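Results of the structural survey
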Amino acid sequence: MVESVSASAEPYDALLLLSFGGPEGPDEVVPFLENVTRGRGIPRERLAAVGEHYFLFGGVSPINAQCRALIAQVEKDLAEHGIGVPVYWGNRNWQPFLADTLRRMAADGVRRPLVFVTSAYSSYSGCRQYREDLAAAAAEAGVLDVMRIDKIRAYFDHPGFVGPFVSSTLEALDRLEPQLRDAAEVVFVTHSVPLSYAQTSAYVPQHEAVAGLVADAVRERTGVERDWTLVYCSRSGPPTQPWLEPDVCAHLRDRAAAGARAVVVVPIGFVSDHMEVIYDLDTQAAQVAAELGLPMARAATPGTRPDFVALVRDLLTERAAVERGETVTRAGLSGLGAMPDLCAPGCCPNPRGAGKPALCGRD
Ligand SMILES: CC1=C(CCC(=O)O)c2cc3nc(cc4[nH]c(cc5[nH]c(cc1n2)c(C)c5CCC(=O)O)c(CCC(=O)O)c4C)C(CCC(=O)O)=C3C
Ligand SMILES: [Fe+2]
């Protein structure tokens, strides 16, 4: 972590965790899905199928509990480091809704919050869409005149994000039978997105960089050279629209046919074990692997690992130092360089066209 940056949140007076949101009971599943997919042309069959994924887990997405757990650890960590900013939480698609949170923050006297989004990579879904959410919610809450909102940069190659995946990949290898460990291939997985999103953002190169960093570290630690691939899960949208491929299940079939002996599945696209992880990987991909007789272990996501909790503080103090006019050293392990604090004009564009207001960028 970057200790050269003084541990102060000045000029920020609050940290806002901004996430996706998820249902917390069967009655909430359909309204939640309506919020997610409004105006996005997701086929009815796909929606019904995704609803079933949630019902399989009692209509409860794990994501909200994971946000609460992360916030509790971040509050503790900030307090331990003498950083006295309150931490708030708002979501794009479910309670607590972002606009309600912004209203409460304004009433509490917050004027200069910094936003941390639970998405590490650049893409419309993980970057600009949250910036549009901030603009819409700030307008709805009527706080645009009293609050200046900044957002923390994309953090895919930060050691506090990559490190937990190195540890969890080693732990997953250890869960395989000892005689299979050295032969196990590493399958890095992220959320598929439409090709149009991938072509207009650094989504794929950023994932390739993280996969390479984790694979290198695991090779160093185990002394074993193993094959790895980046694949995708959770494809949605109409069948006519091209999305990133291959799908994780198709990849497992291919590798089994090619004689692979075991796999470790590493969900580098996700900061915590939410629905895509517990359904698409732990349920669906695990079932395919079982049918193929292919031993599979799934690596954990960063969740509330101490390195990831410390990442939030590091990025908060880094950005605060920038705003105070200090020179900072930015933690980042890939050769891609840090993403800018203010998104460049037109970055991670809205596939339905420009023109929707977005905060925290140069456009
Ligand atoms: C890149 C990306 C991330 C990672 C970055 C980030 O974390 O933000 C992400 C996260 C998430 N996606 C989630 C859930 C859903 N995503 C959907 C639909 C879509 N996701 C997309 C992309 C992404 N999504 C896209 C291009 C669509 C098509 C519609 C559209 O263009 O918007 C749908 C609709 C049904 C379906 O078709 O799957 C659901 C229910 C949950 C909550 C999980 C839980 O409850 O635990 C989380 C964290
Ligand atoms: Fe999604």
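Residues numbered from 1 in each chain as written. Chains lettered and ligands numbered in written order. Predicted model: local features only at pLDDT ≥ 70, side-chain atom pairs only at ≥ 80, totals over all residues. Heavy atoms only, no water.

If you look the chain up in an unreviewed UniProt entry, it shows as Coproporphyrin III ferrochelatase from Actinospica durhamensis. For the record of the chain, the UniProt heading Subcellular location (unreviewed entry) holds the text "Cytoplasm". The chain has a UniProt comment under Sequence similarities (unreviewed entry) that states "Belongs to the ferrochelatase family." (UniProt positions renumbered as here; feature names shortened; annotations may be inferred.)

Looking at the packing of helix α1 (residues 26–37) against helix α2 (residues 44–56)
Two elements in contact, α1 and α2, have axes whose closest approach is 10 Å; the angle formed by their N-to-C orientations is 140°. Relative to α2, α1 is oriented oblique. As α1 runs across α2, the sense of the crossing is right-handed. Along its contact with α1, which presents Pro26, Val29, Phe32, Leu33 and Thr37, the element α2 presents Leu47, Val50, Gly51, Tyr54 and Phe55. Residues of the contact of α1 with α2, tallied by class, amount to 8 nonpolar, 2 polar and no charged. (Axes fitted to C-alpha atoms, helices over the stretch in contact; angles between N-to-C directions. Helix = DSSP H or I, 4+ residues; strand = E, 2+ residues; numbered from the N terminus. Parallel < 35°, antiparallel > 145°, perpendicular 65-115°, else oblique. Left-handed = near helix turned anticlockwise from the far one by under 90°. Contact = heavy atoms within 4.5 Å. Nonpolar A, V, L, I, M, F, W, Y, C, P; charged D, E, K, R; others polar.)

Side note on the site of ligand 1
Around ligand 1, the surrounding shell holds 27 residues, and the nearest of these are Arg46, Tyr54, Ser61, Ser236 and Met275. In the model, an oxygen atom of ligand 1 is placed 2.7 Å from a nitrogen or oxygen of the serine 61 side chain. Methionine 275 places a main-chain nitrogen or oxygen 2.7 Å from an oxygen atom of ligand 1. Protein contacts shield 96% of the accessible area of ligand 1, which totals 880 Å² for the unbound molecule. (Near = heavy atom within 4 Å. Polar contact = N/O pair within 3.5 Å; in protein donor to acceptor, adjacent residues only side chain to side chain. Areas by Shrake-Rupley, 256 points an atom, 1.4 Å probe, with all protein chains shown as cover.)

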